[in-house]
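Residues per chain, in single letters:
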Amino acid sequence: MSSEPRSEFSPHGSGWNPAAASIQPLYNLFVAATEVVLTVDLPYVDQKRVKLHCPTDDSVEIYAETSRKITFRDLGAKHRHGEFTCYRARIRIPVPVDEKRISTKFKRGVLEVHIPRLR
């Protein structure tokens, strides 16, 4: 077992960071011929509280504050206890993209991100 500390963006953890009161949201990444489409499930979030950022040329970071504290019980989980106030994720993109031309839509708690591929 590695002695390295676990990153809050660890792909192998539970996705929940109790110290930061954050959880990694469910997401889907689809690579099409001309663009990459990322959909992110953000229940209990207002569109104005979503921040999207590309820290590197192959990743997208999403941070979204919830409108209230959410417990795992609110989401139907009975096997885990705790609460969180934000969603946070760093998602690797497997192809080169033009992060300057990102477009987004937000409807009913689902963020849809379209990022054109570089040619």
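Sequence positions are assigned chain by chain, starting from 1 and proceeding in written order. Totals for whole chains, interfaces and linings use every residue, but because this is a predicted model, local features are given only for residues with pLDDT of at least 70 and side-chain atom pairs only at 80 or more, for both listing and counting. Hydrogens and water are ignored here; the side-chain numbers use all heavy atoms of the structure.

### Some details on the confidence of the model for the chain
Looking at the chain, pLDDT values average 84 and 88% of them are 70 or higher. Strand 3 (residues 27-31) holds the highest mean pLDDT among the elements of the chain, 96, whereas strand 1 (residues 16-17) holds the lowest, 76. Looking at any residue, its pLDDT shows the predictor's confidence there, from 0 to 100. The contact definition used throughout considers only heavy atoms, calling two residues in contact when any of these lie within 4.5 Å. This stretch, residues 1-12, has a pLDDT under 50; its non-local contacts, to residues over four places away or in other chains, come to nine contacts. Helix numbers and strand numbers start at the N terminus; a helix is a DSSP run of H or I with at least 4 residues, a strand a run of E with at least 2.

### A word on the sheet that holds strand 4 (residues 35-41)
By definition, the strands of a sheet pair up through backbone hydrogen bonds, in either a parallel or an antiparallel sense. Strands qualify as paired when DSSP identifies two bridges or more between them. Strand order across the open sheet formed by four strands is 3-4-9-8, with antiparallel pairing between neighbours. Only two strands of the sheet have a single neighbouring strand rather than two, namely strand 3 and strand 8 (103-107). Along the sheet, successive strands turn relative to each other by an average axial angle of 15°, direction set aside. Here strand 4 pairs with strand 9 (residues 110-116) via seven bridges, running antiparallel. Angles run from 0 to 180 degrees between N-to-C directions of axes, and those axes are lines fitted to C-alpha atoms, restricted for helices to the stretch in contact.

### Examining unusual backbone geometry
Trans peptide bonds make up most of the peptide bonds, and negative phi angles are found at most residues other than glycine. Its identity is not glycine, yet Tyr44 carries a phi of approximately 65°, on the positive side. For Tyr44, the position within the fold is in the loop between strand 4 and strand 5 (45-56). With a phi close to 50°, Arg108 is a non-glycine residue in the positive phi region. Here Arg108 shows up in the loop between strand 8 and strand 9. Classification of Arg108 by relative accessible area gives exposed; the value is 78%. Each residue's exposure class comes from its accessible area (1.4 Å probe, protein chains only) as a fraction of the maximum for that residue type: buried when under 20%, exposed when over 50%, partly exposed otherwise.

### What about the side chain of Ser59?
Note on placement: Ser59 falls in strand 6 (residues 59-71). A 3.5 Å cut-off defines polar contacts: any pair of N or O atoms within that distance qualifies, except that in protein one atom must be a possible hydrogen donor and the other a possible acceptor, and neighbouring residues in sequence count only when both atoms are side-chain atoms. Looking at Ser59, its side chain comes within polar contact range of the side chain of Thr56, at 2.7 Å. Setting aside chain neighbours within four positions, we find Ser59 in contact with His53, Cys54, Arg90, Ile91, Arg92 and Ile93.

### Description of the packing of aromatic side chains
Each aromatic pair joins two rings of Phe, Tyr and Trp (for Trp, the six-membered one) with centres within 6.5 Å, and gets the label stacked for planes under 30 degrees apart, edge-to-face for over 60, and tilted for any other angle. Across all of its chains, the model carries two aromatic pairs by this definition. Measuring from centroid to centroid gives 5.9 Å for Phe72 and Phe84, while their planes differ by 55°, and the two rings are tilted. Here the residue Phe72 occupies a position in the loop between strand 6 and strand 7 (83-92), and Phe84 occupies one in strand 7, the gap between them amounting to 12 residues. Residue classification places Phe84 among the buried residues on the basis of a relative accessible area of 0%. When the centroid spacing of 5.5 Å and the interplanar angle of 65° are considered together, the rings of Phe84 and Tyr87 count as edge-to-face. Residue Phe84 shares its accessibility class with Tyr87, and that shared class is buried. What links up through ring pairs into an aromatic cluster is the set Phe72, Phe84 and Tyr87. Throughout this description, the term charge over a ring refers to an Arg CZ or Lys NZ atom that lies within 6 Å of the ring centre and within 35 degrees of the ring normal. Between the NZ or CZ atom of Arg68 and the centre of the ring of Tyr44, over which it lies, the distance is 4.5 Å.

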